[in-house]
Amino acid sequence: MKKRLFYTFIFLGIAAQFYVLVHSIVLRELTLRRGTVHRFQTAPVDPFDAFRGQYVALDFNALSSGHLFDTSIPHGKWCYLHIGTDTNGFAVVERVSLKPDVSLPHLKVRVDSSSAERRMEEDAEGKTKWIDTGKYRVHCQLPFDRYYMPEHLAPQAEEAYRQANRSRARDAAAVVRIWKGKAVIEDLEIDGIPIREVLKGTPK
Amino acid sequence: MTNKKWLQQEMEAWQREGIIDAATRGRLEERYGADASAASWRQITLCSLGALLIGLGVIALLAANWDALSREVRTVFALLPLTLCVGAYALGLRKGWRSQGFLEPLGIFWGLSVGTGIALIAQTYHISGDAETFALSWTLLLLPTLYATRSVSVGVGYFAGLLAWATMVYDNSSDRMAYWLFACLAIPFIMRLRKDAPGGVRAGLAVWGAALCSTVALGVTLEKTLPGLWMVIYSGMFTSLLLGGMLCEPKHASIWQTPMRTLGGCGLTVLLYLLTFAWPWEEIGWEHRRVYNHSYFGVSLFDSALALLAPVLSVFLMVIAHRRKSDLYGLKTNSIPFHTFWGIAPLFVAIAYCIFSSVESGKELLPAYLTTLYLGCLGLVAIGKGIVNREVLFVNGGVLIVLGLILGKFFTSDLGFTAKGIAFIISGILFFVINTLASRQMKQAGGAQ
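Residues numbered from 1 in each chain as written. Chains lettered and ligands numbered in written order. Predicted model: local features only at pLDDT ≥ 70, side-chain atom pairs only at ≥ 80, totals over all residues.

## Some details on the overall build of chain A
Right, on to step 1. Helix and strand counts for chain A come out as three helices and 12 strands.
Right, on to step 2. Counting over 204 residues, chain A shows a buried share of 28%.
Right, on to step 3. For chain A, the share of sequence-separated contacts (at least 6 apart) that also reach a separation of at least 24 residues comes to 64%. (Helix = DSSP H or I, 4+ residues; strand = E, 2+ residues; numbered from the N terminus. Buried ≥ 20, exposed ≤ 12 C-beta atoms within 10 Å, placed from the backbone. Contact = placed C-beta atoms within 7 Å.)

## A few points about the overall build of chain B
Right, on to step 1. For chain B, the count of helices and strands is 21 helices and zero strands.
Right, on to step 2. Across the 449 residues in chain B, those meeting the buried criterion constitute 40%.
Right, on to step 3. Pairs at least 24 residues apart make up 75% of the contacts formed inside chain B by residues separated by at least 6 positions.

## Regarding unusual backbone geometry
With the exception of glycine, the majority of residues adopt a negative phi angle, and the majority of peptide bonds are in the trans configuration.
Right, on to step 1. We note that Asp191 of chain A has phi near 55°; this positive angle belongs to a residue other than glycine.
Right, on to step 2. Structurally, Asp191 of chain A is set in the loop between strand E11 (182-190) and strand E12 (193-194).
Right, on to step 3. Taking the number of C-beta atoms within 10 Å as the measure of exposure, Asp191 of chain A has 11 and is therefore exposed.
Right, on to step 4. Positive phi values are uncommon outside glycine, yet His126 of chain B reaches one of about 50°.
Right, on to step 5. Its location among the elements puts His126 of chain B in the loop between helix H6 (100-124) and helix H7 (131-149).

## Thoughts on the interface of chain A and chain B
Right, on to step 1. Taken together, the contact between chain A and chain B spans 20 residues of the former and 21 residues of the latter.
Right, on to step 2. For the side of chain A that touches chain B, the secondary-structure elements that each account for two or more residues are helix H1 (2-34), strand E9 (146-148) and E11 of chain A.
Right, on to step 3. Classifying every residue of the side of chain A that touches chain B by side-chain character gives 14 nonpolar, three polar and three charged. (Nonpolar A, V, L, I, M, F, W, Y, C, P; charged D, E, K, R; others polar.)

## Examining the domain arrangement of chain B
Residues and elements named next belong to chain B.
Right, on to step 1. Domain annotation of chain B identifies domain 1 (223-363) and domain 2 (375-449).
Right, on to step 2. Tallying the contact residues gives eight residues for domain 1 and 10 residues for domain 2.
Right, on to step 3. Partitioning the side of domain 1 that touches domain 2 into residue classes produces five nonpolar, three polar and no charged. (Domains from an automatic or database assignment.)

Laid out in structure tokens, this is it:
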């Protein structure tokens, strides 16, 4: 009896090991195969932090200023970002909600912080003061913030990514597949060209 | 069949038939060096090193060709090592391969394959994640491997992984407290090792790993809102380890086989030595408590509970040791047993903390002097016990404590180099004289044990 219990525990443990790995793979494969494509324009990042090991650290314009919501959302709580497209074809966050609207592409994200939105107004005496608008600005972190590269390509990718973001003459964007709240980065593009293609044309 | 193998088989039969219990078997194995795990120790070490090198080699090969592989192939490679390990384990179960020479390297390779699998999948799918999430996932997923293979390396790796995680989440007090909950999950593994071979090297190594990691983790997980409370907690913990070791560990075994006793004794000595200086007693107590903007009430309670429980546990163990003193010392004695002098250390520190944290500052030297006196007495007691029981280790330990105190105080004093030099020479001569006298007396009484 004791032996059977022990082996049941071992079997369940091994199943858990496989579950963690396989679940991770299946979820991302389904997202890559069934998800819709969105291009998130990247934002410049601190050059000293851009590369940690073999990946490009990404930051996104779509998230820089936070998103308006009616109430404050506590740190760490899940919320949903509904994704639309701007006139340039880049992804933008259209609205935040606590429940997903399944008819729209959405991302399930954790809230970093939320703060009351304030604007400056002049009173009758001409003095300016800050007043609350009644809305809250919610800041979240996207579930994709790195793009892994082989070690020998990493320094060149870093340079290309940094230059594109610095000059703003070229558009750098992460191509992301979104499906049922999940997201997987498919590629990193500069001016619509995959970064590996860009690097092929870069003198070494 | 060798004598050792024959004895091993006989002892298994005796234990099965109830002629001897596990503790007696452990003592017999220790006496005759017939521990089955010790017999294949060289084989285990070599196989483990082999598994480690192969594992690292496979990872390096995969990393070198990673970019050339398609996503599907990468996914297969991420799962392949784990699948192979589980396959080998299943085959081992079927064929009855239960030797640690097979299970220990398998455990290492298996443990590595779990971590490699997580890392490779994260890289393939560009998964965001922090080092702490990775460390925790990997460490917790080691548990099935730990119990399946009973690998000491995986056991030590489990505690080291937990400690690494607790250090990474240092800023989040409620998270890092989970160290203790997760550590408890590996206790049955250690108990099983100790049950199988009480004085065995494998059990010793596992307890060493767990005790060392937990000692460091205690410092990491304490909230430290009440300055100085660490003295009471650490003294209670080291004393409990020492007394627990005296009660559970084999009596005449090497320090590698008695981790609780060794770590507890050494830890308590070092702690008391630190308390002979004034700085630990400065700005302690409620008057100097750290007040944070955010609430740490729950985790501060952990500190307070430990400060209460650790001395209580050591007193409890001291009472048990007192009731079993004839077992521990092998004779009926009316004198105060050795463990009592060391066992009261947390009470001494706790009382000193309570008194000197409530008096005004400028009195820090008094508890430091009292601790110096107490530690000096402990050193003398150790010398006395060593001479009476003919144990050189205790004589040397006691002399080291006394000399450490004298020399430490000389070092930190404002005396000139001449005085310090003379003190060193006198102390050295004393060390030799006591050792020679003790050895001579032991020889006359029938030799050291």
